[in-house]
Amino acid sequence: MKLSKAGLAATIGLICLGITACGGSGDASNGGGATTIWKLAFNQTEDHPQFKAAEQLGELLDDATDGRYTIKPYANEQLGSQTQAITNVSDGTIEMIWASSGTLENFNQDFIVFNLPYVFDSVEAQEAVLAQPDKLQELYTSLEDSKNMTVLTGVHAGVRNIYNSVRPIREPADLNGLKIRVQQSESQVKMIELMGAVASPLDTGEIYSALQTGVLDGSENNETVFASLKHAEVAKYYSYTRHLLIPDYLIVSTSALDAMSDEDRQALLNLVPQAQQTANDLFAEFVTTSIADAEGSAVEFNDDVDVDAFKENVKPLIDESVAANDLRQELYAMVENANEAAAA
Ligand code: GCU
């Protein structure tokens, strides 16, 4: 069965205003039948908004399906790194994952548009684009036939900056010779090279020891990863390059979705906007507490960055990537419209 599954959810909109408003007990009975427990892979900590949104989704789904389905999220790469776990979602041995849009580029290059540096001007603009799943259907269903994966929704996943153990970064020349970790994606490698550094693609769990042993000089990510994965202990300079807002996507194995009854699938799809909202709403507070945590590790934050110089350097990557086909141009036009609306 092919969707518009996520599109269906989009048209239904929010049905709950919060966990308490929905009254999920996680304790529902389905008349003695067994509960199907979907595993959800996650590569960050249990404090993360996406983990909390997944737990909430599991409880609400249990309630909405009278105990027939629930979701159990596994944090800290317990089910493998994001790049490993996503292949298990594809083969159906894991049912769900929160994964970066950067990772999806490896399966369909058109995911690149939202992963390009400096395309989103603000969190508000990014959330506005991701709040229009009806217009993202072609992208979100593009992996169903080839990879057995359906994107259910996209969320804000922080503003990414560069951190390292050598010096504060203020302009492209400061990155000269520094080995910086990036996600396992071609666009991220090209981006960091254009910004002036040497790119080193690695999985999340490998970064701490690589920083500690000096294999890496630095990495690039939001403050939550920097603090909660303890990178702040081994990289003292955090520089506000503000180069990326890459979304994370909630992805489900298409075969698992298809195996549900129409009623249960609809119950899940109805709850997706709530999961999106929870993950987005909790993010800003998580950033604030993460900055306070990192300050405890005597980190030097600097905001005196020549952002225009970095923007200029990466422009060819944006131009070349967006021009490749009509879908990418349409997605980029959505970004531009959202940037304008958010600035108005
Ligand atoms: C962010 C993002 C993750 C991603 C990670 C990374 O934390 O939320 O999905 O895996 O960055 O850079 O690997």
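Everything discussed here concerns the structure shown above.
Residues numbered from 1 in each chain as written. Predicted model: local features only at pLDDT ≥ 70, side-chain atom pairs only at ≥ 80, totals over all residues. Heavy atoms only, no water.

**Q** Any chance you could explain helix α13 (residues 262-295) here in plain terms?
**A** Since there are 3.6 residues in each turn of an α-helix, residues three or four apart along the chain are aligned in direction. Taking 1.5 Å per residue as the helical rise, α13 with its 34 residues ought to reach 50 Å, and the 50 Å between its terminal C-alpha atoms agrees with that figure. The largest bend along α13 measures about 35° and falls at Phe283. (Helix = DSSP H or I, 4+ residues; strand = E, 2+ residues; numbered from the N terminus. Expected span 1.5 Å × (residues − 1). Bend = angle between axes of the 7 residues up to and from the residue.)

**Q** Explain the pairing of strand β4 (residues 149-155) here, please?
**A** Two faces make up the sheet, and in a regular strand the side chains alternate between them. In terms of residue burial, β4 counts as a mostly covered element, since 7 of its 7 residues are buried. Here β4 runs beside strand β10 (residues 248-253); their pairing, made up of 6 bridges, is antiparallel. Looking at β10, one finds that Val155 is bridged to Asp248. (Buried < 20%, exposed > 50% of the residue type's maximum accessible area, 1.4 Å probe, protein only. Pairing = 2+ DSSP bridges.)

**Q** Honestly, the packing of aromatic side chains in this entry has me stumped. Any pointers?
**A** Two measures describe an aromatic ring pair: the distance that separates the ring centres and the angle between the ring planes. Taken as a whole, this structure holds 12 aromatic pairs when the rule is applied. With a centroid separation of 6.4 Å and an interplanar angle of 40°, the aromatic rings of Phe42 and Phe51 are classed as tilted. Residue Phe42 is classed as buried on the basis of its relative accessible area, which comes to 3%. Judged by relative accessible area, which is 5%, Phe51 ranks as buried. Aromatic rings pair up to connect Tyr163, Phe226, Tyr238, Tyr240 and Phe301 into one cluster. (Phe/Tyr/Trp six-rings, centres within 6.5 Å; stacked < 30°, edge-to-face > 60°.)

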